[in-house]
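# Analysis of the macromolecular model
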Amino acid sequence: MKSRLFLICVVFIISITTVTGQVKIEAQLGGSNYLGLSVNTSYDISLFNSGNHYLVPTLGLGFMSPELYDPTCMLHTGLMYKYKKWGIGTEVSGFVNNPFWGNDSGNTFVDMIVYPNLNYTFNTRSNWYFKVSAGALIAYEKSNDDSANNSQLEFSGDVIPGIGISFGYTFDCINETNR
C-alpha cells in the first residue's frame, strides 16, 4: 500500500518537472474525483499550426473528504481533445486508503471512477482560468479471486450524472484570445 502511494508521488513529481515550460496547475472539485479534491498538472499539445486544436493530458493527486468516506487518496489522470474553449475527453480517478490517517479496514468507497465529459474553459485576461465539465460518473470495484490469486476491476452498476469545476493558472506566455 505504501509502495503504491510512493509510486504515485514519484510519477506526479516527474510529470511536473518534464513539462515546466507549458504547465498548467489547477485545483479540481468533482468530476472523476466525485466528492474529493485534486491538484492537477496539465499541458496543451498543439495538434495543428492554427493553435485551435490541442491534446491535453492531465495528471494529479488528491483526497476524499474524511467526513464522508474512509479517508482515501486518489490518483487522477485524464486525456482531452480541446478546440478553442471547448473540450471532450475522459478522466479517471483511482482510490486507495490514506496511509497517514484512517483505519486499515479496507476501502469502502469504489476503487476507480471513469468520467467521460464535455467541458468549457473561461479564460481571464491574465493566465487564470475556470473550467466547468459535465458527464457521467462510471464506478468500478476490484474483485479478488483468491483461488486464482488475481484481481480485476468490475463495473459496480453505478452510472450517475456528474459535474466538475476546476480553477487554475497557465504558466505559458501565450495569451491568445481564441484559447
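Per-chain numbering applies: the sequence of each chain, read as written, is numbered from 1 onward. Only residues with pLDDT of 70 or above have their local features reported here, since the model is predicted, and side-chain atom pairs are shown and tallied only from 80 upward, although totals for entire chains, interfaces and linings are computed over all residues. Each side-chain value is derived from all of the structure's non-hydrogen atoms; neither hydrogens nor water enter the calculation.

## Some words on the pairing of strand β5 (residues 72-83)
Pairing between strands is defined by DSSP: at least two bridges between the two strands are required. Only runs of H or I of at least four residues qualify as helices and only runs of E of at least two qualify as strands under DSSP, and these elements are numbered from the N terminus. Bridge count for strand β4 (residues 53-64) against β5 is eleven bridges, and the pairing is antiparallel. Considered in β5, the bridge of Y54 is made with K82. Between β5 and strand β6 (residues 86-97), which pair antiparallel and follow one another directly, the connecting turn spans two residues, one of which, K84, has a positive phi of 55°.

## Things to note about the nonpolar core
Core analysis: the biggest nonpolar cluster contains nine residues, these being M64, M74, F95, F109, V110, I113, Y115, L137 and A139. Listing elements by their share of this core, those giving two or more residues are β7 (112-123) and β8 (128-145). It only takes one pair of heavy atoms within 4.5 Å for two residues to be counted as in contact. Excluding anything up to four places from it in sequence, V110 contacts F95, A139, Y140, E141 and S156. Here, the term nonpolar core denotes a set of buried Ala, Val, Leu, Ile, Met, Phe, Trp, Tyr and Cys residues that are joined through side-chain atoms within 4.5 Å. Buried, partly exposed and exposed residues are distinguished by accessible area as a fraction of the type maximum, computed with a 1.4 Å probe on protein chains only: under 20%, between the cut-offs, and over 50%, respectively.

## A look at the side chain of H53
Here H53 lies in strand β4. By relative accessible area, H53 is classed as buried at 18%. For this analysis, a polar contact is any N or O atom pair within 3.5 Å, provided that within protein one partner can donate a hydrogen and the other can accept it, and provided that sequence-adjacent residues contribute only side-chain to side-chain pairs. Of note is the side chain of H53, whose polar atom sits 2.3 Å from the side chain of Y81. Ignoring any residue separated from it by four or fewer positions in sequence, one finds H53 in contact with I45, S46, L47, F48, Y81, K82 and Y83.

## Here we look at unusual backbone geometry
Phi is positive for Y34, close to 60°, though the residue is something other than glycine. If you trace the backbone, Y34 turns up in the loop between β1 (23-30) and β2 (36-43). Since its relative accessible area comes to 27%, Y34 is described here as partly exposed. Its identity is not glycine, yet K84 carries a phi of approximately 55°, on the positive side. Mapped onto the elements, K84 comes out in the loop between β5 and β6.

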